[in-house]
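# Examining the three-dimensional arrangement
The chain contents come next:
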Amino acid sequence: MASMMDKAKGFVADKIAHMPKPEASLDKVTFKGMTRESITVHSHVNVTNPYSHRIPICDITFTLKCGGKEVASGTIPDPGWIEDSGEVTKLEVPAKVPYDFLISLMKDVGRDWDIDYELLVKLTIDLPIIGNFTIPLDTAGEFKLPTLSDFFGGSAKTEEATA
């Protein structure tokens, strides 16, 4: 009787392991905006669903590291659904980076006015039968900080001059 149960468990585990699962990718981090307290950067998680019905997203957790230090982290609870039948669902992951931390990174910023980053994201979805399923994602690179000319039209004049 015990060997029959082991065979049944093995069969079910094999079938679940070979089921199609949603796939996701992570865009690079880009500058979004700024306030008096912080800058806001964001990335998009692009998710495709192989099933013919929508799948609920439980949450998105993220950690943004700059210069090897954690500068922002958080959880986005219940961000919605993954659309059905191969449609790409774009989910925004915003992060606020306080200015006092950027000042401590000035040696990394240097002359080129960019910051090296690593973004770690965990997308948790609720799959029928299987339950909660987490897709780990990460991206690394550098993002450019805005300069004063970006806010006061300097870059638009440069674009007009080159056109």
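Parameters and conventions
- Residues numbered from 1 in each chain as written.
- Predicted model: local features only at pLDDT ≥ 70, side-chain atom pairs only at ≥ 80, totals over all residues.
- Heavy atoms only, no water.
- UniProt positions renumbered as here; feature names shortened; annotations may be inferred.
- Helix = DSSP H or I, 4+ residues; strand = E, 2+ residues; numbered from the N terminus.
- Buried < 20%, exposed > 50% of the residue type's maximum accessible area, 1.4 Å probe, protein only.
- Core = buried A, V, L, I, M, F, W, Y, C linked by side-chain atoms within 4.5 Å.
- Contact = heavy atoms within 4.5 Å.
- Pairing = 2+ DSSP bridges.

- Going by an unreviewed UniProt entry, the protein chain carries the name Late embryogenesis abundant protein 3 and comes from Leymus chinensis.
- Quoted verbatim from the Sequence similarities (unreviewed entry) field of UniProt, the annotation for the protein chain is "Belongs to the LEA type 2 family."

## Structural notes on the environment of Cys 58
- In this structure, Cys 58 sits in strand 4 (residues 55-66).
- Cys 58 gets classed as partly exposed once you look at its relative accessible area, which sits at 28%.
- Considered as a pair, Cys 58 and Ile 125 are 67 residues apart in the sequence and their alpha carbons are 5.2 Å apart.

## What to know about the nonpolar core
- If you look at the biggest cluster of nonpolar residues, it comprises 33 residues, and the most contacted ones within it are Val 45, Leu 64, Cys 66 and Leu 123.
- For this core, the elements supplying multiple residues, two or more each, are strand 3 (38-48), strand 4, strand 5 (69-82), strand 6 (88-98), helix 2 (99-104), strand 7 (114-127) and strand 8 (131-144).
- Element by element, the count of residues in this core is highest for strand 7, at seven residues.
- Here Leu 64 is in contact with Val 41, Lys 69, Glu 70, Val 71, Ala 72, Ala 95, Val 97, Tyr 117, Glu 118 and Leu 119, once residues within four sequence places are set aside.

## Let's talk about the pairing of strand 3
- Among the eleven residues that make up strand 3, nine are buried, leaving the element largely enclosed by the rest of the structure.
- Strand direction decides the pairing type here: strand 1 (residues 23-26) and strand 3, joined by four bridges, are antiparallel. Within the sheet, the bridge partner assigned to Leu 26 lies in strand 3 and is Val 45.
- In this structure, strand 2 (residues 30-34) lies alongside strand 3, joined through four bridges in antiparallel fashion. What sits directly across from Gly 33, in strand 3, is Thr 40.
- In this structure, the hairpin formed by strand 2 and strand 3 is closed by a connection of three residues.

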